[in-house]
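Each chain is listed here by its residues.
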Amino acid sequence: MKKLKNKNGYITIIISGLCLIGTFMLYKYLKFDDVFCVILMIFSLIIAVYGIFQIIRDTYNN
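My aim in this report is to walk through the structure given alongside it, one point at a time. (Residues numbered from 1 in each chain as written. Predicted model: local features only at pLDDT ≥ 70, side-chain atom pairs only at ≥ 80, totals over all residues. Heavy atoms only, no water.)

## Section: the overall build of the chain
Looking only at helices and strands, the chain has two helices and zero strands in total. Put simply, the chain has 62 residues, and 21% of those count as buried. By element, 73% of the accessible surface of the chain is carried by carbon and sulfur atoms, the whole surface being about 5200 Å². (Helix = DSSP H or I, 4+ residues; strand = E, 2+ residues; numbered from the N terminus. Buried < 20%, exposed > 50% of the residue type's maximum accessible area, 1.4 Å probe, protein only. Areas by Shrake-Rupley, 256 points an atom, 1.4 Å probe, with all protein chains shown as cover.)

## Focus on the pattern of salt bridges
Overall, the coordinates contain one salt bridge when judged by the stated rule. Across the pair Asp 58 and Arg 57 runs a salt bridge whose closest N-O atoms are separated by 3.6 Å. According to the relative accessible area criterion, Arg 57 is partly exposed, its value standing at 43%. (Salt bridge = Lys/Arg side-chain N within 4 Å of Asp/Glu carboxyl O.)

## Regarding the packing of helix H1 (residues 7-30) against helix H2 (residues 34-60)
It is at 7 Å that the axes of H1 and H2 come closest, and there the two elements cross at 165 degrees. By the angle between their axes, H1 is roughly antiparallel relative to H2. You can see that H1 and H2 cross each other, and the crossing is left-handed. Taken together, the residues of the contact of H1 with H2 break down into 16 nonpolar, eight polar and one charged. (Axes fitted to C-alpha atoms, helices over the stretch in contact; angles between N-to-C directions. Parallel < 35°, antiparallel > 145°, perpendicular 65-115°, else oblique. Left-handed = near helix turned anticlockwise from the far one by under 90°. Nonpolar A, V, L, I, M, F, W, Y, C, P; charged D, E, K, R; others polar.)

## Some remarks on H1
Between the first and last C-alpha of H1 there are 33 Å, a value that for 24 residues agrees with the 34 Å anticipated at 1.5 Å per step. When we look at burial in H1, the residues that qualify are Gly 9, Thr 12, Ser 16 and Thr 23. On its buried face, H1 is in contact with H2. One or two positions beyond H1, positive phi appears at Lys 31, with a value near 55 degrees. (Expected span 1.5 Å × (residues − 1). Contact = heavy atoms within 4.5 Å.)

Structure (structure tokens):
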């Protein structure tokens, strides 16, 4: 069975996707302020970009 070498990057991307979905649900059902939701979405996208960098780093450093 092949072991997944760069699973930390994929886990980070999954977490950021869950944060984006959570932010959308927070805005849709609880009606938080627009600025607060945009800040949370930007934070989630930064986490996703970090996950992509982790995958690239782990792929090319082996």
